[in-house]
Amino acid sequence: MHDLKEKCGVFGIYGHPEASNLTYLGLYALQHRGQESAGIVSLDNKQLYSYRQMGLVADIFNESVLDTLPGNAAIGHVRYSTTGFSQLKNAQPFVVDYSLGSIAVAHNGNLINADLLRDELEAHGAIFQSTMDTEVIIHLISISKKKYLLDRLIEGISFIKGAYSLLFLTNEKMIAVRDPNGLRPLVLGKHKNAWVVSSESCALDLIDAELVREVEPGEIIVIDKNGLKSYKPFEERDETFCIFEYIYFARPDSIIQDKNVYEVRKMLGRQLARECPLDADYVIPVPDSGIPAALGYSQESGIPFELGIIRNHYVGRTFIEPRHSIRGFGVRIKLNSLKKVLNNKRIVLIDDSIVRATTSEKIVKMMRLAGAKEVHMRISSPPTTHPCYYGIDTPTKRELIASSHTIEQINTKIKADSLGYLSIEGMRNSANSLSVGKPDRYCDACFTGNYPIGYPKHRREAQLDLFNKK
Ligand code: AMP
Ligand code: SF4
C-alpha cells in the first residue's frame, strides 16, 4: 500500500492581483500541516504556471520565484509524508494537460480505494507520474466522457472513497471540493473582492481575509469571473470531522465548525482534570502541544500552571550528534527542563497524546533528573489504539503502544508515578460543549477503531467498473 500517510494543507485565492504572493503567505500559516514539500500553481491569461520544491515554504519561495507565478488566481499545497516517498515528483499541486485544457489539483486527505483505482486505470493504459492518491483523481476526470468539467469532476469523484479536501485550478476556474463526511477541514474566506479557500482559518487571519464559512461536507464550490456557485451533487452523509484536528493537529488559533481549537483543547484539559484528579504542586505542559490542555487542567483543578520544559523553536529536522554520546541528547536539543521550577515538586505533566511513548518516556526521565519528586502523566485524549487512514500521519497499529499495552503497562514503560487518559465520552462531550446548535459528530477511529468510511481493502476484494460505465 503506498502513501497511506499524508498530512497536508491547501490554500487558494481567486480574484486578487497578488494571488501567488498571498498563497505563499497562506502556506506559511499552514506550514504545521506539512514540512516536506510545497508548491504553488497560478493562473494568468488562461495559462497555468507552477513551482514545486522539497523543503519549507520560507526556503522554497522568494520574490523571483513568485515573479514566475503571475495572475489573479493561485492554489498552493504543503505536504508531509513518510520518508520512503519523499520525492519531488510527489510534491503538489499536480498539473496536467488533458482534453479540456490544463488542470492543477491540491489534495489534503487520503483515499482508501486509490490502489484499486490505480490498478484499473493502469490496466487500461494510464501512465502515472507519481505514487500519490491525488493523481488518480486527475486520471478519473480525464477519462470521463462528459462534455463539461463540472460533470467530469462529479463523475470522477463519485468513484473515490476516503478523506479529501481538494482545490483545483483550471484555465478559468478555481474549484473546492470536500468529501461527504467532511473528514478534513476546509474553509471559505473573503479578501476584498477575492474568494479564498484554506485548510484552516489561521491562514485567512494572516492575509487579513474574513472567514465566511466552512466548505460543507459533500460540497463543490466553483469560483470564476462570474462569482461563486455551490453544488451538492453527492448523497448526503453524516458529517464525521476528524476529532484529532482539535486535539493536536490544527493550529490553536484556527476556527473549525465555529469552534476555536484553543478553546476545545482547554475544555479537553478541564475534563481531564475532572476525570483524573490529583494532588500536586504544579501543572506542567509538554510544549507546545500540551499547553492549552494544561491550562484547562490547571484552571479546573486549581493547581498552578508552570512552565517546566522549554522548547527550542529553531531545531530543524536533522542535526549532527556529537561522536561521544550525550545522555538524552535527542530530546534535549528540542526540550530542556527548568530545574528551578521542578526541583522537589510533585508535578502533573500534560500532553495531548501518546503515540509510541518514546517522547513521554524521555520527558518523564528528564523531569526526574531535574529533581521532580513525583511525575504524574495526564493525556488530553483517549489511548491511541488504531492507525489513521484518512490523512493524519500515524504509525502502524503494531507501533502504537496503546494497541498492545494497558494503561498500567504504558505507565510502567514511561516510568511515571501514574498515568491517566481522557475517556472517549469525555473527549466527545468536551468538543461538543462548544458546539453551536446541535452536537457535532466526529471521526474518532484512532481511539475507537470505528472507521466511519471503512479502511483500505485488499485489491482483490473490490469490484470496479470504471470503463464499462455508460
Ligand atoms: P510518541 O513519543 O511517539 O508517543 O509521540 C507523542 C508526541 O507526538 C506527543 O507529544 C504528540 O503531541 C505528538 N504527536 C501525536 N500525534 C502525532 C502525529 N500524528 N504526528 C506527529 N506528532 C504527533
Ligand atoms: Fe482523525 Fe483519528 Fe479519524 Fe484519522 S482516525 S481522521 S486522526 S480521528
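Preceding this paragraph is the structure being described.
Residues numbered from 1 in each chain as written. Chains lettered and ligands numbered in written order. Predicted model: local features only at pLDDT ≥ 70, side-chain atom pairs only at ≥ 80, totals over all residues. Heavy atoms only, no water.

### Looking at unusual backbone geometry
Okay, so step 1: A cis geometry characterises the amide bond from Gln 92 onward to Pro 93, with omega recorded as 0°.
Okay, so step 2: Within the secondary structure, Pro 93 is located in the loop between β4 (73-81) and β5 (94-98).
Okay, so step 3: Omega for the bond connecting Pro 287 with Asp 288 falls within 30 degrees of zero, at -10°, which places this linkage in the cis form.
Okay, so step 4: Examined against the element boundaries, Asp 288 turns out to sit in the loop between β17 (282-285) and α10 (291-301).
Okay, so step 5: Positive phi, normally seen in glycine, also occurs at Lys 46, with a value near 70°.
Okay, so step 6: One can find Lys 46 in the loop between β2 (37-44) and β3 (47-54).
Okay, so step 7: You will see that Lys 415, though not glycine, has its phi angle at about 60°, which is positive.
Okay, so step 8: Within the secondary structure, Lys 415 is located in the loop between α15 (407-414) and β22 (418-421). (Helix = DSSP H or I, 4+ residues; strand = E, 2+ residues; numbered from the N terminus.)

### Considerations on the site of ligand 1
Okay, so step 1: Around ligand 1, 15 residues are found, and the nearest of them are Asp 351, Asp 352, Val 355, Ala 357 and Thr 359.
Okay, so step 2: Between ligand 1 and Asp 351 there is a distance of 2.6 Å, counted from an oxygen atom to a side-chain nitrogen or oxygen.
Okay, so step 3: Thr 358 has a polar side-chain atom sitting 3.0 Å from an oxygen atom of ligand 1.
Okay, so step 4: When ligand 1 sits alone it has 500 Å² of accessible area, and the protein chains cover 84% of it.
Okay, so step 5: Breaking the shell around ligand 1 down by element, the ones donating at least two residues are α8 (243-249) and α13 (358-369). (Near = heavy atom within 4 Å. Polar contact = N/O pair within 3.5 Å; in protein donor to acceptor, adjacent residues only side chain to side chain. Areas by Shrake-Rupley, 256 points an atom, 1.4 Å probe, with all protein chains shown as cover.)

### Digging into the nonpolar core
Okay, so step 1: Core analysis: the biggest nonpolar cluster contains 40 residues, and Tyr 297, Ile 350 and Tyr 390 have the highest contact counts within it.
Okay, so step 2: Among the secondary structure elements, those contributing two or more residues to this core are β14 (241-242), α8, α9 (261-275), α10, β20 (346-351), α16 (424-432), β23 (442-443) and α17 (445-448).
Okay, so step 3: Discounting residues that sit within four places of it in the chain, Tyr 297 has contacts with Gly 269, Arg 270, Leu 272, Ala 273, Cys 276, Pro 277, Leu 278, Val 283, Ile 303, Val 348, Ile 350 and Arg 378.
Okay, so step 4: Counting residues in hydrophobic clusters, the runner-up holds 30 residues, among them Phe 94, Val 136, Leu 149 and Leu 166. (Core = buried A, V, L, I, M, F, W, Y, C linked by side-chain atoms within 4.5 Å. Buried < 20%, exposed > 50% of the residue type's maximum accessible area, 1.4 Å probe, protein only. Contact = heavy atoms within 4.5 Å.)

### A few points about the pairing of strand β12 (residues 220-224)
Okay, so step 1: Counting buried positions along β12 yields five of five residues, so the element is predominantly enclosed.
Okay, so step 2: Here β12 shows no split at all, with Ile 220, Val 222 and Asp 224 on one side and Ile 221 and Ile 223 on the other all buried.
Okay, so step 3: Here four bridges tie strand β8 (residues 174-178) to β12, and the two strands are oriented antiparallel to one another. Following the sheet pairing, Ile 175 is matched in β12 by Val 222.
Okay, so step 4: Across five bridges, β12 lies against strand β13 (residues 227-231) in antiparallel orientation. (Pairing = 2+ DSSP bridges.)

### Here we look at the packing of helix α4 (residues 114-123) against helix α5 (residues 133-143)
Okay, so step 1: It is the contact of α4 with α5, at a shortest axis distance of 10 Å, that shows an interaxial angle of 45°. Viewed along their axes, α4 and α5 adopt a mutual orientation that is oblique. As for how α4 packs across α5, the hand of that crossing is left-handed. Two secondary-structure elements touch here, α4 through Ala 114, Leu 117, Arg 118 and Leu 121 and α5 through Asp 133, Val 136, His 139, Leu 140 and Ile 143.
Okay, so step 2: Of the residues in the contact of α4 with α5, the class split is six nonpolar, one polar and two charged. (Axes fitted to C-alpha atoms, helices over the stretch in contact; angles between N-to-C directions. Parallel < 35°, antiparallel > 145°, perpendicular 65-115°, else oblique. Left-handed = near helix turned anticlockwise from the far one by under 90°. Nonpolar A, V, L, I, M, F, W, Y, C, P; charged D, E, K, R; others polar.)

### What to know about the packing of aromatic side chains
Okay, so step 1: As enumerated under the stated definition, the model contains twelve aromatic pairs in all.
Okay, so step 2: Plain terms: the ring middles of Tyr 246 and Tyr 442 are 6.1 Å apart, the flat faces sit at 85° to each other, and that makes the pair edge-to-face. Placement of the pair is Tyr 246 in helix α8 and Tyr 442 in strand β23, with a sequence separation of 196 residues.
Okay, so step 3: Judged by relative accessible area, which is 0%, Tyr 246 ranks as buried.
Okay, so step 4: What makes Tyr 442 buried here is its relative accessible area of 10%.
Okay, so step 5: Each ring, one from Tyr 389 and one from Tyr 455, has its centre 5.8 Å from the other, and the planes form 35°; the classification is tilted. Remark: Tyr 455 occurs in the segment after α17 and Tyr 389 occurs in the loop between β21 (374-379) and α14 (401-404); sequence separation between them is 66 residues. (Phe/Tyr/Trp six-rings, centres within 6.5 Å; stacked < 30°, edge-to-face > 60°.)

### Structural notes on the site of ligand 2
Okay, so step 1: With respect to spatial proximity, the complete set of residues near ligand 2 consists of Arg 184, Cys 242, Ile 243, Phe 244, Cys 388, Tyr 390, Ile 392, Cys 443, Asp 444, Ala 445 and Cys 446.
Okay, so step 2: Secondary-structure elements contributing two or more residues to the shell around ligand 2 are α8 and α17.
Okay, so step 3: Across the shell around ligand 2, the residue classes tally to nine nonpolar, no polar and two charged.

As far as function goes, none of this settles anything; it's purely spatial.
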